Amino acid sequence: MIVILDSSITEQSEAYRQTLDCLSQLPDVVAHVHNIQGAQQSLTEIYLIGDTRKLSAEEIEVLPGVERVIRVSEEYRILGRHRDGQRTSGFEYNGVLFSQDNLNIFAGLCAVDTPEHVEQMLKALRDHGQVCTRMGAYKPRTSPYAFQGHGKACLPYVFELAGKYGIKVVAMEVTHESHVEEIHECLEQTGQPTGVMVQIGTRNTQNFELLKAVGRQQEFPVLLKRGFGITLNESLNAAEYLASEGNSRVVFCLRGVKTNMGDPHRNLVDFSHTPVLKRLTRMPVCVDPSHSVGTRDRSPDGILDLMHAAAQGVISGANMVLIDFHPEPAKALVDGPQAMLLSELGWFLEDVALARDCYEKRQALADRQRG
Ligand code: PEP
Ligand code: MN
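This write-up is about the structure you can find in this document. Values in this document were obtained by computation on a predicted structure and should not be read as measured data.

This brings us to helix H5 (residues 177–189). The end-to-end C-alpha distance of H5, which contains 13 residues, comes to 19 Å, matching closely the 18 Å that a straight helix rising 1.5 Å per residue would cover. Taken together, the buried residues of H5 touch helix H4 (155–164), strand E9 (169–173), strand E10 (195–200) and helix H6 (208–216). Directly after H5, the chain includes Gly191, whose backbone phi takes a positive value near 80°.

Structure (structure tokens):
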């Protein structure tokens, strides 16, 4: 059961103290307080964990400062929707809004290789009015002999260059909790020139200790990839690990699932799950065409499969696109064959904007149908 307090109630208020006292005395139930920094306002939600079947929502609703009480299903307790359309979705981070209602593009390098390539990428993004990017420093690789990313060594120039080109959020995968600490320290040493959205990759979707560690920190929001060989439900429970530890600023990313039924694509594109995720949870939904499609092939219409896949996600309401670009794909140390070229950035952004416009028109059409 979730008890949502009125947004005017602060932890110092008498109403808060009385209500929390009362909830803390309920038998067989533990009350956990979560402060939610939503896109529009901050809210206090009190989670009643334990045997809540006997509790009367009506009796709790009349406690001082209580706005609403929601009975939650067992699954996705924190991030789920629970048939309650009014709960806030989304958050703001470093001046950028992430919600189920808007769209952010994260184009960038799969793996950081040289400062020159990072700078060329970031300059192109700035020239196209972009404020977000992806930059891989810690790369989980199938082979232990493959390039594993420059790690901590590249963080200072990545963050300084991001600041120089007005980038506000860098999506960056971490594979160990010490990487979060390294990112935190480097941002501090370089004077916070940018922000970081910590990414948990598909190989780590069920690395529960990593999820718990990343969930315990509140500094960085999290981009969680769907696990490539597990059910959607299992991946959503992984997201819930982050939230249950205190970090509910989570964006969920579809990136295709592993099966040779997806051939000749690298994975089977699963972007039709975008509306499903928005129905089941309050998380903004990201699509990653690069790691699902995995090639630069194009159809006779001249459009790259990567762009078709991105458009499929966006036209069904995706809120973020994560995509690999590289100034010189032939020299990329990771995933060069699927990288888009800097000369294609303007085209890609315009194509995505068309798909978004179409989604908004489809939404207006559905609203008219509902009356
Ligand atoms: C990535 O985004 O660089 C990546 C490795 O993706 P995934 O975890 O989806 O394979
Ligand atoms: Mn990659």
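We now examine the site of ligand 1. As a structural note, the neighbourhood of ligand 1 is formed by Cys110, Arg134, Lys139, Glu173, Gln199, Gly201, Thr202, Arg203, Lys225, Arg255 and His291. Between Arg134 and ligand 1, the recorded distance is 2.7 Å, taken from a side-chain N or O atom to an oxygen atom. In this structure, Gln199 approaches ligand 1 through a side-chain N or O atom, which is 2.9 Å from an oxygen atom. Contact with the protein chains covers 96% of the free accessible surface of ligand 1, which is 290 Å². Of the residues that constitute the shell around ligand 1, the class distribution is 1 nonpolar, 4 polar and 6 charged.

Two aromatic rings are characterised by how far apart their centres lie and by the angle between their planes. Under the definition given, this model contains 4 aromatic pairs. Ring geometry for Phe98 against Phe106: centres 6.1 Å apart, planes inclined by 45°, an arrangement best described as tilted. Comparing Phe98 with Phe106 shows no difference in burial state: the two are buried. Taken together, the ring pairs connect Phe91, Phe98 and Phe106 into an aromatic cluster. The ring of Phe228 has Lys258 sitting right over it, with the charged end atom 5.1 Å from the ring centre.

A few words on the environment of Leu97. Summarising the element assignment, Leu97 is placed in strand E6 (residues 96–98). For Leu97 and Thr259, which are 162 residues apart along the polypeptide, the C-alpha to C-alpha distance reads 34 Å.

So, on to H6. All of the buried residues in H6 are Leu210, Leu211, Ala213, Val214 and Gly215. The inward-facing, buried residues of H6 abut H5, E10, strand E11 (222–225) and helix H7 (232–244).

With distances of 2.0 to 2.2 Å, the protein atoms coordinating the manganese ion (ligand 2) are Cys110 (SG), His291 (NE2) and Asp335 (OD). Going along the chain, you hit the donors of the manganese ion (ligand 2) in the pattern C-x180-H-x43-D. Of this pair, Cys110 sits in the loop between strand E7 (104–108) and helix H3 (115–127) while His291 sits in helix H9 (residues 289–293), and the two are 181 residues apart along the sequence. For the pair formed by Cys110 and His291, the shared burial category is buried.

This paragraph deals with the side chain of Thr194. Of note, Thr194 is situated in the loop between H5 and E10. Among the polar contacts made by the side chain of Thr194, one reaches the main-chain carbonyl oxygen of Ile167 at a distance of 2.8 Å. Ignoring any residue separated from it by four or fewer positions in sequence, one finds Thr194 in contact with Asn94, Phe159, Ala162, Ile167, Lys168, Val169, Val170 and Leu187.

So, on to the nonpolar core. By size, the foremost hydrophobic cluster in this structure holds 93 residues, and its most contacted members are Phe98, Met135, Met172, Ile183 and Phe348. When residues of this core are assigned to domains, at least three fall in each of domain 1 (2–89) and domain 2 (103–370). Residues contacting Ile183, with those up to four places away along its chain left out, are Tyr138, Leu155, Phe159, Met172, Val174, Val196 and Phe220.

Rules of the game
- Residues numbered from 1 in each chain as written.
- Chains lettered and ligands numbered in written order.
- Predicted model: local features only at pLDDT ≥ 70, side-chain atom pairs only at ≥ 80, totals over all residues.
- Heavy atoms only, no water.
- Helix = DSSP H or I, 4+ residues; strand = E, 2+ residues; numbered from the N terminus.
- Expected span 1.5 Å × (residues − 1).
- Contact = heavy atoms within 4.5 Å.
- Near = heavy atom within 4 Å.
- Polar contact = N/O pair within 3.5 Å; in protein donor to acceptor, adjacent residues only side chain to side chain.
- Areas by Shrake-Rupley, 256 points an atom, 1.4 Å probe, with all protein chains shown as cover.
- Nonpolar A, V, L, I, M, F, W, Y, C, P; charged D, E, K, R; others polar.
- Phe/Tyr/Trp six-rings, centres within 6.5 Å; stacked < 30°, edge-to-face > 60°.
- Buried < 20%, exposed > 50% of the residue type's maximum accessible area, 1.4 Å probe, protein only.
- Lys NZ or Arg CZ within 6 Å of the ring centre and 35° of its normal.
- Donors = N, O, S within 2.8 Å, 3.2 Å for Na, K, Ca; no water.
- Core = buried A, V, L, I, M, F, W, Y, C linked by side-chain atoms within 4.5 Å.
- Domains from an automatic or database assignment.

Coordinates in, geometry out; function isn't part of it.
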